[in-house]
Every structure is written in C-alpha cells, then in structure tokens.
Amino acid sequence: MKVLLIGNGGREHALAWKLRQSPRITKLCCAPGNGGISREAECIPVDLKSLESIVGIATQLKPDISVVGPELPLQLGIVDEFTRRGWPVFGPTRAAAQLETSKSFAKEFMQRHRIPTSHYAICDSVDDVSDALGRFSTPLVVKADGLAAGKGVVICKTKDEAGSTAAEMLSGKMLGGAGARVVIEECLKGDELSFLVLSDGERVAPLVAAQDHKRAGDGDTGPNTGGMGAYSIPQLLDEQMTNWLLQHVARPVIDGMKAEGMEYKGILYCGLMMTARGPMVLEFNCRFGDPETQPIMMRLDSDLLEAIEASIEGRVSDGDFHWSQDASVCVVMASGGYPGTIEVGKKMSGIDDADKVEGVKVFHAGTSVRDGEVYTAGGRVLGVTSRAATLQIAVDRAYEAVDKIQFDGAHYRKDIGARALQK
C-alpha cells in the first residue's frame, strides 16, 4: 500500500515513524516533509498553502490513502477535494474543521450542544471589546478567531492589557487576518489536558491522554507557544473520567456536527482545563496535536494505519488502539527567540548520539538537510522523545538526549513533566 502524509512538522515525523512500522505500507511519501522525515519517507516538495499544489502531488503519486497532518490544508478544503475525486483521505471536511479554524464557531457550537466551556464574548470591533470587558474579571484570555499557529492566545492580567491586545489583533498588525475577530474568555484555573479521539462520523475511540506545556519558560512563565513539550502516562485519566469525557464532550461534538450536516471524521483533539467546576473545553483541534503526538505515538503498540482506515471506512470501534502502560515524554528544543523573531540555518550536531540513548527517538520539527548536515529551519526544531517504565526514567532519558544536541541559540524547558513527578 502507498501512503501520502501531508505536512512538515514534529507531529508529521512522529506519524511517519509510526506509519513506517505498518507491515502493509510498501511506500511512504511525505509532502513536503523535513530533515528527519526524509529518513522515514520519500519527501516531495509541495506548497502547503496551495490546494492546487497538494492535489498535483497526489495526482502524480496516486496514493491508496492520504493522511493530513496540519490544520491549514484542512481549512483549504483538502479533504473535500480528495473525496470529490474519490481518493481515500484521513481528516475532517472544511466545514467540520471550523471547530479549529474559527474559535467563535467552536464557542457557539459548544453553547448549542451544552458542552462545558468557559464564559466568552465574541468581538468584531474595539467597541465590542469595550462593552464585553465589563462582564469579565481578571485575569482573562484574548484569542484570535482564526488560525495563528499557536500564537493567537494571550493571557492578560488587566483589562487595559486585554483591550490593547484585542485592538492589536483586530487591526491586523499582530496576526493578520486571523485576528479580524476576537474571542474574550474567562481565564480558567486547573491542569490542562489533551484528550484525543478517533471518529468515523458516528463512533469514537479514545487515544491515551497527554499534557502539553504551552508557556515558553520553566514554571509556566513567558508567552504562549505552539507547545514546548508534553508527556503521557496512564495515570493522567482513569476509566471513569475517560467515560465522562466521551459522554459529555467527544460524543456530543460528533453527534452535533452530524446533526448540523457536517459529519466529522478523523482525529478530534479536545484541549481541556480540569477545573474545580469539572472539565472545561479550552479549544478543539481537528488533527493530531503537536507536540502531544510525539509521546502518544511512542505509547501506541498497534498499527496506526489500521485505525486510520477504520475512520475513513466508517468502522471505528473501541478496539482500534492498543497502548503501552509505559510513560513517555517529549522535550521541544527551539530556536533562539522563539516564539518571537528567530534566525534559521544554524548547523546542528549530536542528533545521532541522542537517538542512541535507550528508549529515545528524536523527532524533527523544523530542520533541513544540506550535504549530509542538519540545520535549523523553524521555531520549534526538535522533539526529543522517550518511553520508559516510569515517567522519571523517561524524563531522565529525554534530558540525557537533549544534552547531546547542540545548535546556536537552542533553548528548551527543563521542567517537562515536573508537576506530575511532584504529585
């Protein structure tokens, strides 16, 4: 079987690594891929911002199945276009992907279907913002309505800060068109949790949970990022809470989308805050998370291709995944300046030595290869990921591997998984 994986980040490297283990895949291609993915799959240049470019690659390759990694092709309608042509593809339609591509759509959808989430206000102008701020206490959260590569969420300590942040988003100076509408929300307190399910439009099967670390600095300080690391352990969710989340979040989403004429197939990522009032939905993603996919794939002991086929063909069941009871952890190594202005093209060393640490796999997020040497090519560069019998061992091995990798400006959090270890 020939499989085409679309994307070029750390998530896609983890998916490529896992798909490569399927005995049924004879050829794995990735468009466009990155320096690390080129070791797992044939990488083919493509413009991820162009539907025409992606369709052109698929026309040449004629894959048996295509797997969409990032959110932008979903927003462009890649699944609709492939389906129209009769090409099997994994992921939700453009309409269904609005759960991620429009924060305001997601909020109003949750309200309609009684899915627990924070209080919010949708604002199209500075006047709307001014009117809304009086209904919130501080701190509060300002979110860009559209896709902003993980940079469209700002936690504000004062109403003045929230007002100026919202105004900057609405002006287009901060995030371009993604901020043409903003959502203001109450700031929830608790532990964040990433809960993912696989859906075929009717049924859902849960994946193991993970916990992301969004803030740039140790101790959850600094600006929000796309994610500086994540871990997954069996203790994150017990069976009772898993069933509650299926009943009150995942299934209502899938049922609600079908009722509204937007059948949802693929991965549904539920970003949750486990508050004193109970679990509350922070956001939805309509694809695998990044960097959560890295530790989740490390714990997957079954064939990912089989689960993807079940979603496409409408036969998802609880038995589609088999999971290790081990712990896994991913530490993101980022370029200097991330999540702000970065410089790329920094030569890297030590990756092969890091890969040799027991239980470790180094997933590439933003890298390129020239003349056999690896260079930085993005903000998040590597996801150094390990699996071990306990979280402590997994953390120790991940940081042992991180210590072997060098590039100018490299920075990373030194406390991934620390809260779980303290508990």
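The text that follows walks through the structure, step by step, so that each part is easy to find. Every value quoted in this text rests on a predicted model; they were computed, and no experiment measured them.

Concerning the overall build of the protein
The helix and strand inventory of the protein stands at 14 helices and 22 strands. Taking 2.2 N^0.38 as the reference for a compact globule, 423 residues should give roughly 22 Å; the C-alpha atoms of the protein span a radius of gyration of 20 Å, in line with that estimate. For the protein, contacts bridging at least 24 residues in sequence account for 68% of all contacts bridging at least 6. Split by element, the accessible area of the protein, about 17,000 Å² in all, is 47% carbon and sulfur. Separation between the mean location of the 47 positive side-chain charges and that of the 56 negative ones in the protein comes to 1 Å.

Points about the sheet that holds strand β4 (residues 65-68)
Pairing is parallel across the open sheet formed by five strands, whose spatial order is β3-β2-β1-β4-β5. Lying at the two open borders of the sheet, with one neighbouring strand each, are β3 (42-43) and β5 (89-90). Bridge analysis of β4 against β5 gives two bridges, and the strand direction is parallel. Along β5, the bridge assignment pairs S66 with V89. Sitting on the sheet, helix α2 (residues 51-61) is in contact with β1 (2-7) and β2 (27-32), with an inclination near 165 degrees to β1. Against the sheet, helix α11 (residues 304-313) engages β1, β4 and β5, with an angle of about 95 degrees to β4.

With respect to the sheet that holds strand β12 (residues 211-212)
On the basis of which strands lie adjacent, the open sheet formed by five strands has the order β12-β15-β18-β22-β19 and antiparallel pairing. The two strands at the open ends of the sheet, each matched to only one other strand, are β12 and β19 (360-364). Alignment of β12 against strand β15 (residues 229-232), held across two bridges, turns out to be antiparallel. When the bridges of β15 are listed, Q211 appears paired with Y231. Packed on one face of the sheet, helix α13 (residues 391-402) meets β15, β18 (327-334), β19 and β22 (380-388) and runs near 25 degrees to β18.

With respect to the pattern of salt bridges
As enumerated under the stated definition, the model contains 33 salt bridges in all. Among the ionic pairs, E185 bridges to K143, the shortest N-O distance being 3.2 Å. In this pair, E185 sits in strand β9 (residues 182-186) while K143 sits in strand β7 (residues 140-144), placing the two residues 42 residues apart along the sequence. Accessibility expressed as a relative area gives 3% for E185, which makes it buried. K143 sits in the buried class, given a relative accessible area of 5%.

Side note on the state of the cysteines
Taken as a whole, this structure holds zero disulfides when the rule is applied. Between C29, a free cysteine, and C30, which holds the nearest cysteine sulfur, the sulfur-to-sulfur gap is 8.9 Å. Counting only cysteine sulfurs, C30 is the nearest neighbor of C43, a cysteine outside any disulfide, at a range of 5.3 Å.

What about the pairing of strand β16 (residues 265-275)?
Most of β16 sits inside the fold, with nine of its eleven residues counted as buried. Here ten bridges tie strand β10 (residues 191-200) to β16, and the two strands are oriented antiparallel to one another. Looking across to β16, one finds that L193 is bridged to L272. Bridge count for β16 against strand β17 (residues 278-285) is seven bridges, and the pairing is antiparallel. The residue bridging T275 from the neighbouring strand is G278, located in β17. What sits between the antiparallel neighbours β16 and β17 is a turn of two residues.

Quick notes on unusual backbone geometry
Residue P32 is bonded to the preceding A31 through a cis peptide linkage, with omega at 0 degrees. With omega at -5 degrees, the peptide bond leading from T138 into P139 counts as cis. Backbone geometry at K62 places phi at a positive 50 degrees, although glycine is not the residue there. As for its position among the elements, K62 is in the loop between α2 and β4.

Overview of the nonpolar core
Within the largest apolar cluster, 76 residues are counted, with the highest numbers of intra-cluster contacts made by L99, F195, M257, L268, F284 and I405. Dropping the residues within four chain positions of it, L99 is found in contact with F105, A106, F109, V253, M257, Y264, L268, F284 and C286.

Overview of the pairing of β9
When you tally the buried positions in β9, you get five out of five residues, the bulk of the element. Burial along β9 is two-sided: V182, I184 and E186 and V183 and E185, pointing in opposite directions, are all buried. Two strands pair when backbone bridges link them, and strand β6 (residues 120-123) and β9 are joined in this way by four bridges, in the antiparallel orientation. Along β9, the bridge assignment pairs I122 with V183. Here five bridges tie β7 to β9, and the two strands are oriented antiparallel to one another. Note that in β9 the partner of L140 across the bridge is E186.

So, the side chain of S22
Of note, S22 is situated in the loop between α1 (10-19) and β2. Looking at S22, the relative accessible area reads 4%, which means it is buried. Discounting residues that sit within four places of it in the chain, S22 has contacts with D303 and L305.

Procedures and definitions
- Residues numbered from 1 in each chain as written.
- Predicted model: local features only at pLDDT ≥ 70, side-chain atom pairs only at ≥ 80, totals over all residues.
- Heavy atoms only, no water.
- Helix = DSSP H or I, 4+ residues; strand = E, 2+ residues; numbered from the N terminus.
- Rg over C-alpha atoms; globule rule 2.2 N^0.38 Å.
- Contact = heavy atoms within 4.5 Å.
- Areas by Shrake-Rupley, 256 points an atom, 1.4 Å probe, with all protein chains shown as cover.
- Lys, Arg positive; Asp, Glu negative; His and termini not counted.
- Charge placed at Lys NZ, Arg CZ, Asp CG, Glu CD.
- Pairing = 2+ DSSP bridges.
- Axes fitted to C-alpha atoms, helices over the stretch in contact; angles between N-to-C directions.
- Salt bridge = Lys/Arg side-chain N within 4 Å of Asp/Glu carboxyl O.
- Buried < 20%, exposed > 50% of the residue type's maximum accessible area, 1.4 Å probe, protein only.
- Disulfide = S-S within 2.5 Å.
- Core = buried A, V, L, I, M, F, W, Y, C linked by side-chain atoms within 4.5 Å.

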